[in-house]
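Structure assessment
Here are the chains, one letter per residue:
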Amino acid sequence: MTVETTLRTNGEWVRQFAFDGNPNTFFASTENAGAGDHFTLVFDRAVAVTAVEVRTGTPNESQGLTSGHLEVSADGTAFEPLAAFAAGAARGDAGGRSVRAVRVRPGAQPHPLLVREVAIRSDPPLAAFRYPVEFAVDAADAPHLAPWAERVARTCERAYPMICDELAADGFRPPSRVPFVVRRDAPALVGASGNRVIASAGYFEANPHDVGAVIHAVSFVVQAYKGHGSPAWLVHGIADYVRFFKFEPGALGPPDPDTARYDGDPHETAAFLAHLVAAHDPALVRRLNAALREGRYTDDIWPALTGRSLPELGDEWRRTLRR
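The notes below deal with the structure included here.

1. Here's the deal with the pattern of salt bridges
Per the counting criterion, the structure on display carries 20 salt bridges. Arg261 is paired through a salt bridge with Asp263; the nearest N and O atoms lie 2.9 Å apart. Arg261 sits in the partly exposed class, given a relative accessible area of 47%. Between Asp315 and Arg318 there is a salt bridge; the shortest N-O distance is 2.5 Å. With Asp315 and Arg318 both in helix H8 (residues 310-321) and three residues apart, this pair spans about one turn of that helix.

2. Some words on the packing of aromatic side chains
Counted according to the given criterion, the structure contains 14 aromatic pairs. Geometrically, the ring pair formed by Phe19 and Phe129 is edge-to-face, given 6.3 Å between the ring centres and 80 degrees between the ring planes. Here Phe19, found in the loop between strand E1 (2-5) and strand E2 (27-32), pairs with Phe129, found in the loop between strand E7 (112-123) and strand E8 (134-138); they are 110 residues apart in sequence, far enough to count as distant. Neither residue differs from the other here; Phe19 and Phe129 are each classed as buried.

3. Points about helix H5 (residues 266-279)
Relative to the 20 Å expected for 14 residues at 1.5 Å per residue, H5 spans 20 Å between its end C-alpha atoms, a close match to the ideal helical length. Buried residues of H5: Glu268, Thr269, Ala270, Ala271, Phe272, Leu273, Ala274, His275, Leu276 and Val277, and no others. Elements that come into contact with the buried residues of H5 comprise helix H4 (232-247), helix H6 (284-293), helix H7 (301-306) and H8.

4. Some thoughts on helix H3 (residues 211-223)
Taking 1.5 Å of rise per residue, 13 residues should cover 18 Å, and H3 covers 19 Å from first to last C-alpha, within 8% of that figure. Counting buried positions along H3 yields 12 of 13 residues, so the element is predominantly enclosed. Buried within H3 we find Val211, Gly212, Ala213, Val214, Ile215, His216, Ala217, Val218, Ser219, Val221, Val222 and Gln223. A positive phi of about 55 degrees marks Ala224, the residue just after H3.

Analysis parameters
- Residues numbered from 1 in each chain as written.
- Predicted model: local features only at pLDDT ≥ 70, side-chain atom pairs only at ≥ 80, totals over all residues.
- Heavy atoms only, no water.
- Salt bridge = Lys/Arg side-chain N within 4 Å of Asp/Glu carboxyl O.
- Buried < 20%, exposed > 50% of the residue type's maximum accessible area, 1.4 Å probe, protein only.
- Helix = DSSP H or I, 4+ residues; strand = E, 2+ residues; numbered from the N terminus.
- Phe/Tyr/Trp six-rings, centres within 6.5 Å; stacked < 30°, edge-to-face > 60°.
- Expected span 1.5 Å × (residues − 1).
- Contact = heavy atoms within 4.5 Å.

This is the structure in structure tokens:
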């Protein structure tokens, strides 16, 4: 699903917190809710909904809704009331009807809107956000690219669970708010600085369909390598592996066996890693990522993970390119 609202997000309290199964997190708006505002969950397709319950306010139950309505829609466009809010909550029996969207209409409020948790009983069940995130668009430097940036932001939010799974490690939580900035003076076509993704307005004016390049930069955000000992060829290769073998599989042609290097172009490193995942260890990229993030990567990790040295693995991979 996607989450849409007319209200601006307050800092780290992102929209997806309202459907993450955690009662201690919540969406919070920056401004007070007005009569025309809404907070809407839109499903990829309609599901048969038995019941909907929405709890609002903070975990200590302050600033909950005492008025307003919970609504549902069969097509995501036309909404009808399901229940009224009282004492911070609303619960409605949907009777198994086909529902494409659930909406909170808070009405005018003397405080921001805080949506703590939406619970939906449906067939099939709706998956909660495992890695809640919001890509916050800033296209002030190129306002005409704002609609494009919003579409790409939603694509990144959909791809985020896959990226986080591929780059998972014990004890690591990826950021829940990622500023997505479109700039005229961007230092690269698209890159990452801390938790921010920075895209070149000029490049994406000419190449609006190159969403994979943004996914590459989002991978940098999740990689979150802090030290200076991480080899650049592997850092970029892992990001390209996520892009070309998970986000857009089949978009990358095979490397030239006469010139391919495991530590060459990031496309080549990505193909090298894909071979190792298939031939040696399905969790290899995750293991490498964890070592890089924790600052314990050395070339000795390759025989520990595969039984072969890095040059030996490179030779093995190039032989497969000639078949």
